[in-house]
Amino acid sequence: MTTDPGLTGSRLDRADHLRADPEAYAVVLGDWRARVLTLEGLAPAISDADTLVWGSLADVAADAELVLLGLDGDRPYFVEVVVATEPSVMRSPAMFHALTILPAEDAATFATALSLITWHNNHRFCARCGSMTTLFRAGWGRKCDACSTEHFPRTDPVVIMLAEHSGRVLVGRQSRFPPGNYSALAGFLEPGESIEEAVRREVKEEAGITCGAVRYVASQPWPFGGAQLMIACIAEALDDAIVIDERELEDAMWVTRDDARAALAGEEGARFRAPPPFAIAHTLLRHWVAK
């Protein structure tokens, strides 16, 4: 890879050693230098310098749920678990614009914060007995008040892939995409399935294309709707007759390297509009074009 995938490279040390040490964590919570991520709803506030905005612990209520994002040197950084009442803002233009202009390390820090906020909002009740849960381990877990079951954030694996055939790759679009936007195909891994098997199944299900060899390219955390790990691959397509599943895709097409270069450059008259630079589908297209 010539560039790191988007939403990676946070400068913060996650400081796992503090999560299970209540005394050490109490010291961190009392540190006057501690910073708290400033949010506008679920989107990050952006400074005049196009960076994240950080406030102090004095800016949050005494009973606020806080997650320790990590340390920069020995200075702690937190995010408050805000109540997410409007899931649609996860993919709002404001959110995507922020991720486009933020420095890579800031975008990565925010992506971690957003994933954790979403997880906490989705796990306020115990999956075993249905009772209320409370935050513990510096925000990296919740514990049931009734049955003492401990719950921890999980990452859901997703394959995202370009099927390649005769110097072209397959891209598709869903109806929710902005007009003209196409991307790599993607889908969640299912239980009992390898990455390679998931790639072949998803391409076959969504576009009717049979694939053979699959090679891994890169991975990226993706915070929208939860905590996902996007596993980017390129698959060898054994045929090129597209039969789309209209429940999954609105359209799919084969594109050449020249098509992809024009899309990545944002050229007028390009066959399609590429995914945003912070998305691993963008990185995957760049990787393929540079081969």
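Residues numbered from 1 in each chain as written. Predicted model: local features only at pLDDT ≥ 70, side-chain atom pairs only at ≥ 80, totals over all residues. Heavy atoms only, no water.

Student: Honestly, the pairing of strand β12 (residues 185–188) in this entry has me stumped. Any pointers?
Tutor: Every regular strand shows the same layout, with side chains that alternate between the two sheet faces. Burial of the side chains of β12 is restricted to one face: Leu-185 and Gly-187 are buried, whereas none of Ala-186 and Phe-188 on the reverse face is. In this sheet, β12 lies alongside strand β10 (residues 156–165) in antiparallel orientation, the contact comprising 4 bridges. What sits directly across from Val-158, in β12, is Phe-188. (Buried < 20%, exposed > 50% of the residue type's maximum accessible area, 1.4 Å probe, protein only. Helix = DSSP H or I, 4+ residues; strand = E, 2+ residues; numbered from the N terminus. Pairing = 2+ DSSP bridges.)

Student: Looking at this structure, how should I read helix α6 (residues 257–264)?
Tutor: Those residues of α6 lying buried are Asp-259, Ala-260, Ala-262, Ala-263 and Leu-264. Those residues of α6 that are buried lie in contact with β15 (251–256) and α7 (280–290). Immediately beyond the C-terminal end of α6, within one or two residues, lies Gly-266, with a positive phi of roughly 70 degrees. (Contact = heavy atoms within 4.5 Å.)

Student: What exactly am I supposed to notice about the pairing of strand β7 (residues 133–136) here?
Tutor: Bridging between β7 and strand β8 (residues 141–144) involves 4 bridges; their strand directions are antiparallel. Considered in β8, the bridge of Leu-135 is made with Arg-142.

Student: Would you mind going over helix α3 (residues 93–101) with me for this structure?
Tutor: Residues Met-95, Ala-98 and Leu-99 constitute the buried set of α3. With its buried residues spanning 95 degrees around the axis, α3 presents them on a single face. Buried residues in α3 make contact with β3 (43–44) and α4 (104–122). (Arc of directions from axis to C-beta.)

Student: Can you help me understand the sheet that holds β7 in this one?
Tutor: Reading across from one edge, β7-β8-β9 is the order of the 3 strands in this open sheet, with antiparallel pairing throughout. Two strands bound the open sheet, and with one partner strand each, they are β7 and β9 (150–151). Across the sheet, α4 touches β7, β8 and β9, and the angle it forms with β8 is around 10 degrees. (Axes fitted to C-alpha atoms, helices over the stretch in contact; angles between N-to-C directions.)

Student: Looking at this model, I keep getting lost on the pattern of salt bridges. Mind explaining?
Tutor: Pairs can form between side chains of opposite charge whenever their charged atoms are close. Summed over the entire model, instances satisfying the criterion amount to 21 salt bridges. Note that Asp-72 is salt-bridged to Arg-11, the shortest N-O span being 2.9 Å. Placement of Asp-72 in strand β5 (residues 66–72) and of Arg-11 in the segment before α1 (16–19) is noted, with a sequence separation of 61 residues between them. Relative accessible area serves as the criterion here: at 33%, Asp-72 is assigned to the partly exposed category. The residue Arg-142 makes a salt bridge to Glu-65 at a minimum N-O spacing of 3.2 Å. Residue Arg-142 is located in strand β8, and its partner Glu-65 is located in the loop between β4 (54–56) and β5; the two are separated by 77 residues in the primary sequence. Through salt bridges with shared partners, a single network forms among Glu-190, Glu-193, Arg-201, Glu-202 and Glu-205. (Salt bridge = Lys/Arg side-chain N within 4 Å of Asp/Glu carboxyl O.)

Student: Would you mind showing me how to read the environment of Ser-219 here?
Tutor: Considering the arrangement of structural elements, one finds Ser-219 in strand β13 (residues 211–222). In this structure the C-alpha to C-alpha distance between Ser-219 and Phe-272, which are 53 residues apart in sequence, comes to 24 Å. When neighbours within four sequence positions are excluded, Ser-219 is seen to be in contact with Pro-5, Leu-229, Met-230 and Ile-280.

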